[in-house]
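Chain by chain, the residues run as shown.
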Amino acid sequence: MRLSVLLSTLCVQYAASFTHLTMMKHMATGGRNKSQTAVWGQKRTGRNRNRDGKTLVMMPQGTPMVPWQPPGSDYAQFVDIYSRLYRERIMLIGKFIDQQEANQIISILLYLKKEDPDKKITLYFNCPGAELRPALAVYDTIMQCKETCEISTLNLGLATGMASLLCGSGTKGMRAAMPNSRFLLQRVGLERPFQGQASDIGLEVSNMKKSNDNMERELAKMTGRSVTEVRNDMKRDFYLSSDEAVTYGLIDHVLVPKTKGTEIVEYKRDPWTGRAIPVTDDRDVDLGNFEGTEEQKYQDQKGGGFGGKGGSTLPNGDDGNDDDDDYWEKRIS
């Protein structure tokens, strides 16, 4: 009887101690098993190394997502950043414009024009180039949209080939570029290898030449230059800086960053060459006109001092006509 009581007492004590140890281990590990605890320890060590700057922290892949609250909704939702810009009538053209990209740009332009025909559309360019015929389709769409709404264009970095034409197709006075941006004007060849009969290849080359001629005529109309001059410039790759693009007539002004906001560089026409040259700060200072019909201060007033006719401010009634020696003799006397 005593042995059974002793065994039962030992069992109760062992169960209590085991329960206590299990609870302590659960609190220490957060309810994780051995494999989870090992992984958690590695993550924790990795976080500590990231704080110390000893490991490389990778940026998120894919399109950035930004919050956007629909009108009339109490909650915001995450959308990709390009869709968020479209809702503000802003487009960033940063990919090579092929047939698929051109269709996407055209569809967005048509939707924005349908949504509000009178509101401005802003186009930002950092484009590595474009195929000729798809880019001409985008150009025609922009020209159609310009009939009802303003199109603002800005070259952020590089506009190559047909992208330069698209950047210059905006509304006059709203075509700009950043100070370090560049333009590359060039004729465009065949987009891809063409196979077939010799006559078919000749027709394709002739068609491509006609499209390049149309592009040159549009560029000459845009810049105010002759087609022959534009064709001669584009015999080889024709690079333009932002200031040179303004002089060439491709854009209107350059945005110069300041400490607060941006400043527009002003240009004026050279009376001899007719070229647009930047206006510098060393201008002629206008000192005003000191002659006129209005009576000036101290003029024809009694006691007016220098230039006055009604009296003198010199002591002893001196009118200022005597020599300096007579004046000092009168002062001494």
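Residues numbered from 1 in each chain as written. Predicted model: local features only at pLDDT ≥ 70, side-chain atom pairs only at ≥ 80, totals over all residues. Heavy atoms only, no water.

Caption draft 1: Geometry of the state of the cysteines. Under the counting rule described, the total for this entry stands at zero disulfides. With no disulfide of its own, Cys145 has Cys149 as its nearest cysteine by sulfur position, at a separation of 5.3 Å. (Disulfide = S-S within 2.5 Å.)

Caption draft 2: Structural context of the packing of aromatic side chains. In the structure shown here, the tally under the stated rule is one aromatic pair. Here Phe238 and Tyr248 contribute two aromatic rings whose centre-to-centre distance is 5.4 Å and whose plane-to-plane angle is 55°, an arrangement assigned as tilted. You can see Phe238 sitting in strand β8 (residues 238-241) and its partner Tyr248 sitting in helix α9 (residues 242-248), a full ten residues away along the chain. You can call Tyr248 buried: its relative accessible area is 6%. (Phe/Tyr/Trp six-rings, centres within 6.5 Å; stacked < 30°, edge-to-face > 60°. Helix = DSSP H or I, 4+ residues; strand = E, 2+ residues; numbered from the N terminus. Buried < 20%, exposed > 50% of the residue type's maximum accessible area, 1.4 Å probe, protein only.)

Caption draft 3: Representation of the environment of Ile105. Tracing the backbone through its elements, the reader meets Ile105 in helix α4 (residues 99-115). According to the relative accessible area criterion, Ile105 is buried, its value standing at 4%. For the pair Ile105 and Ile142, spaced 37 residues apart in sequence, the C-alpha separation works out to 9.9 Å. Contacts of Ile105, omitting those with residues within four sequence positions, involve Met91, Ile93, Ile97 and Val138. (Contact = heavy atoms within 4.5 Å.)

Caption draft 4: Just helix α5 (residues 132-145), in detail. With 14 residues, α5 extends 20 Å from end C-alpha to end C-alpha; this agrees with the ideal 20 Å at 1.5 Å per step. Of all the residues in α5, the buried ones are Leu132, Pro134, Ala135, Leu136, Val138, Tyr139, Thr141, Ile142 and Cys145. Buried residues along α5 sit against α4, β4 (121-127), β5 (151-160), α6 (162-167) and α7 (198-223). (Expected span 1.5 Å × (residues − 1).)

Caption draft 5: Local environment of α7. With 26 residues, α7 should reach 38 Å at 1.5 Å per residue; the first-to-last C-alpha distance of 38 Å fits that figure. Along α7, the positions that sit buried rather than exposed are Glu204, Met208, Ser211, Asn212, Asp213, Met215, Glu216, Leu219, Ala220, Met222 and Thr223. Turning to α7, the residues buried within the fold contact α5, α6, β6 (175-177), β7 (182-185), α8 (227-233) and α9. The first or second residue beyond α7 is Gly224, which carries a positive phi of 80°.

Caption draft 6: Main features of the pattern of salt bridges. Counted according to the given criterion, the structure contains nine salt bridges. Here Glu88 and Arg84 are joined by a salt bridge, their closest N and O atoms 3.0 Å apart. Owing to a relative accessible area of 46%, Glu88 belongs among the partly exposed residues under this scheme. Here Arg84 falls in the partly exposed class, since its relative accessible area comes to 25%. Note that Glu229 is salt-bridged to Arg225, the shortest N-O span being 2.7 Å. For Glu229, a relative accessible area of 28% corresponds to the partly exposed category. Residue classification places Arg225 among the buried residues on the basis of a relative accessible area of 15%. Connected through shared salt-bridge partners, Arg187, Lys209, Asp213, Glu216 and Arg231 make up one network. (Salt bridge = Lys/Arg side-chain N within 4 Å of Asp/Glu carboxyl O.)

Caption draft 7: The packing of α5 against α7, seen in detail. The geometry of α5 relative to α7 is characterised by a closest axis approach of 11 Å and an angle of 35° between their N-to-C directions. Of the two possible hands of crossing, α5 and α7 adopt the one that is left-handed. The residues of α7 that touch α5, namely those facing Leu132, Arg133, Leu136 and Tyr139, are Glu204, Asn207, Met208, Ser211, Asn212, Met215, Glu218 and Met222. Taken together, the residues that form the contact of α5 with α7 break down as six nonpolar, three polar and three charged. (Axes fitted to C-alpha atoms, helices over the stretch in contact; angles between N-to-C directions. Left-handed = near helix turned anticlockwise from the far one by under 90°. Nonpolar A, V, L, I, M, F, W, Y, C, P; charged D, E, K, R; others polar.)

Caption draft 8: Focus on the pairing of β5. The buried fraction of β5 is high, at seven of ten residues. Pairing of β4 with β5, which is carried by six bridges, proceeds in the parallel orientation. Residue pairing for β5: Tyr124 is matched across the bridge by Leu154. Crossover connection from β4 via α5 to parallel β5: handedness right-handed. Here β5 pairs with β6 via three bridges, running parallel. Each bridged residue has a counterpart across the sheet, and for Leu154 the counterpart in β6 is Ala176. For the crossover that starts at β5, traverses α6 and ends in the parallel β6, the hand is right-handed. As paired elements, β5 and β7 share three bridges and run parallel to each other. Of the residues in β7, the one forming a bridge with Ala159 is Phe183. (Pairing = 2+ DSSP bridges. Right-handed = clockwise from strand over helix to strand, strands pointing away.)

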